[in-house]
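# Descriptive analysis of the structure
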Amino acid sequence: MGQPSIDLPSRLLRNLKPWLGASHWRIAFSGGLDSTVLVHLLANLAKTESLPALSAIHVHHGLQAAADAWPAHCQDVCDELSVPLQVQRVQVQPGASVERAARDARYAAFSAATQANDVLLTGQHRDDQAETLLFRLLRGAGVRGLSGMPATRALGQGSLVRPLLDVTRAELEAYAQDHGLRWVEDPSNQDRQFSRNYIRHQVLPLLSGRWPQAHASMARSAAHLREAQGLLDELAQIDLATAKLPAEFEWSGLPSLEFAAIAKLSDARQRNALSHWLGPLTRLPDTDHWSGWVDVRDAGKDASPIWRLADGELHRSAGRLWWLSGQWLRTPVVSGDWHEPSLALRLPDNGRVMFSGQTPAGPLQVRYRQGGEVMHLADRGHRDLKRLLNERAVPGFVRGRLPLLFRGEELLAVANLPGLDGHVLEGWRLHWQPSDEDQGLR
């Protein structure tokens, strides 16, 4: 085993070459074998190579008594190597999967610590990649899931990089033994009630006994699937490009797509394009639970169907698909009188309104549609507001949020709708900025 470990520093440096221009390399340091080797390798490389500033971060979950000693161990290791260490304590949310909850808490801490142009380095290796692929295969994952852990992805304001994915656990053990390294063993890693541990200790040894190259073969399959996922992403971008034509209601700030451009695709391409578009906005169901999309797609022309997802809603209205989340799913509260029309008026859960040009004489109020409103138009006389909104094909979910400007019982203006949003002769218009929130970005 000696030869692979001798080559390890040069392989690591080669894998990290694209990131040499980063401001900071921060190592996710659990105290276990993988991260201990990674810290030792980088601390030694920093003596001879021009590397970014180096530090480590240890996340303490507080889930087991043995873990209370790990921060001190990590501090000792880092002190020996002259690597600054940050210990971050987190609260793991209760839930069905302790593994998942701990991982979420850990990566939330990593994300918060990763600033612009920073890189967080983790120690996952080739054996972990094989374990991940098998675990996800048994859960029925699709191409994206089966492509395994990516070598790099965005994290916080910077990037997460896994520079040891082409290194085996045996190589890491050989390096640790050659250099007399000490590391902690997490007792929970032996608990085979956890699915990953069962795969690691029961399943993979059997596979490797029969097929010695099992880990390498699975890692290679994951690489093939990553390439396939890349092609699916390119196809999604092509399909979405034709559906991202500007909407008439761009001022809403809502992500939207032209419905017809999506509906004309094959079923598989519809799911692929929508998964790509919705992925940054919400958690998505597995492929067996997309009936909500079928209902939205196949609803009648005059219908306004909704697909409710984990973090928001997909609406079909006015010939488009719209993503709603945050305050768009809360009923706005009437703010009452507008005492200083020269200043913008903040609307609870509904952005703000302001005038351009002159301000009309008061007293003024901003209200929302209740039904039965009538507006006087200079060239058409009195018209029902409902009819005016229908003529302009205003989406249903916008209608109840449109700020209406009243003077007494007279409806003066409907914000943002040309021809209804002001008074030409008096020289004023009513503008609405619906939201200061990001629309569901996770």
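First things first, this report covers the structure right here in the doc.

### Overview of the sheet that holds strand β8 (residues 306–309)
Spatially, β7-β10-β9-β8 is the arrangement adopted by the four strands of the open sheet, whose pairing is antiparallel. Of all strands in the sheet, those with a lone pairing partner are β7 (256–258) and β8, marking the two edges. Pairs of neighbouring strands in the sheet enclose a mean axial angle of 15°, with direction left out of account. Pairing of strand β9 (residues 312–317) with strand β10 (residues 320–324), which is carried by five bridges, proceeds in the antiparallel orientation. Bridge pairing in β10 links Arg316 to Leu321. Along the sheet, helix α11 (residues 267–278) makes contact with β7, β8, β9 and β10, crossing β10 at roughly 35°.

### Details of the packing of helix α2 (residues 33–48) against helix α7 (residues 169–178)
It is at 10 Å that the axes of α2 and α7 come closest, and there the two elements cross at 60°. What the angle tells us is that α2 and α7 run oblique. The hand of the α2/α7 crossing is left-handed. Along its contact with α2, which presents Leu33, Asp34, Val37, His40, Leu41 and Asn44, the element α7 presents Arg169, Leu172, Glu173, Tyr175 and Ala176. Partitioned by chemical class, the residues of the contact of α2 with α7 number six nonpolar, two polar and three charged.

### What to know about the packing of aromatic side chains
Applying the stated criterion to the full structure yields nine aromatic pairs. The interplanar angle of 85° and the centroid separation of 5.4 Å between the aromatic rings of Tyr107 and Phe110 together place this pair among those described as edge-to-face. Of the two residues, Tyr107 and Phe110 are both situated in helix α4 (residues 98–113); the distance of three residues between them amounts to about one turn of the helix. Of the two residues, Tyr107 and Phe110, neither departs from the other in class, the shared state being buried. Arranged with centres 6.2 Å apart and planes meeting at 80°, the rings of Trp328 and Phe397 form a pair that is edge-to-face. Residue Trp328 is found in the loop between β10 and β11 (336–338), and its partner Phe397 is found in helix α14 (residues 396–399); the two are separated by 69 residues along the sequence. Of the residues examined, Trp328 reaches a relative accessible area of 6% and is grouped as buried. Through pairs of rings, three or more aromatic residues link up here, namely Phe249, Trp251, Trp322, Trp328, Phe397 and Trp432. When the ring centre of Phe406 is taken as reference, the NZ or CZ atom of Arg367 above it lies at 4.2 Å.

### A closer look at the nonpolar core
A general tendency of soluble globular proteins is for nonpolar side chains to be buried together. Among the nonpolar cores identified, the biggest contains 36 residues, and Trp338 and Leu405 are the most heavily contacted of them. Per-element tally for this core: the top contributor is strand β18 (residues 410–414), with four residues. Beyond its immediate stretch of four places on either side in the chain, Trp338 contacts Leu343, Leu345, Val353, Met354, Phe355, Leu364, Gln365, Val366, Leu405 and Leu430. In this structure, Trp25, Val37, Val39 and Ala176 belong to the second largest nonpolar core, which totals 33 residues.

### Considerations on the pairing of strand β6 (residues 158–161)
Pairing of strand β4 (residues 118–121) with β6 involves three bridges; the strand directions are parallel. Each residue of the ladder has a partner; that of Leu120, found in β6, is Leu160. Here strand β5 (residues 152–155) pairs with β6 via four bridges, running antiparallel. Along β6, the bridge assignment pairs Thr152 with Val161. From the end of β5 to the start of β6, which pair antiparallel, there are two residues, and Gly156 there has a positive phi angle of about 55°.

Conventions used here
Residues numbered from 1 in each chain as written. Predicted model: local features only at pLDDT ≥ 70, side-chain atom pairs only at ≥ 80, totals over all residues. Heavy atoms only, no water. Pairing = 2+ DSSP bridges. Helix = DSSP H or I, 4+ residues; strand = E, 2+ residues; numbered from the N terminus. Axes fitted to C-alpha atoms, helices over the stretch in contact; angles between N-to-C directions. Contact = heavy atoms within 4.5 Å. Parallel < 35°, antiparallel > 145°, perpendicular 65-115°, else oblique. Left-handed = near helix turned anticlockwise from the far one by under 90°. Nonpolar A, V, L, I, M, F, W, Y, C, P; charged D, E, K, R; others polar. Phe/Tyr/Trp six-rings, centres within 6.5 Å; stacked < 30°, edge-to-face > 60°. Buried < 20%, exposed > 50% of the residue type's maximum accessible area, 1.4 Å probe, protein only. Lys NZ or Arg CZ within 6 Å of the ring centre and 35° of its normal. Core = buried A, V, L, I, M, F, W, Y, C linked by side-chain atoms within 4.5 Å.

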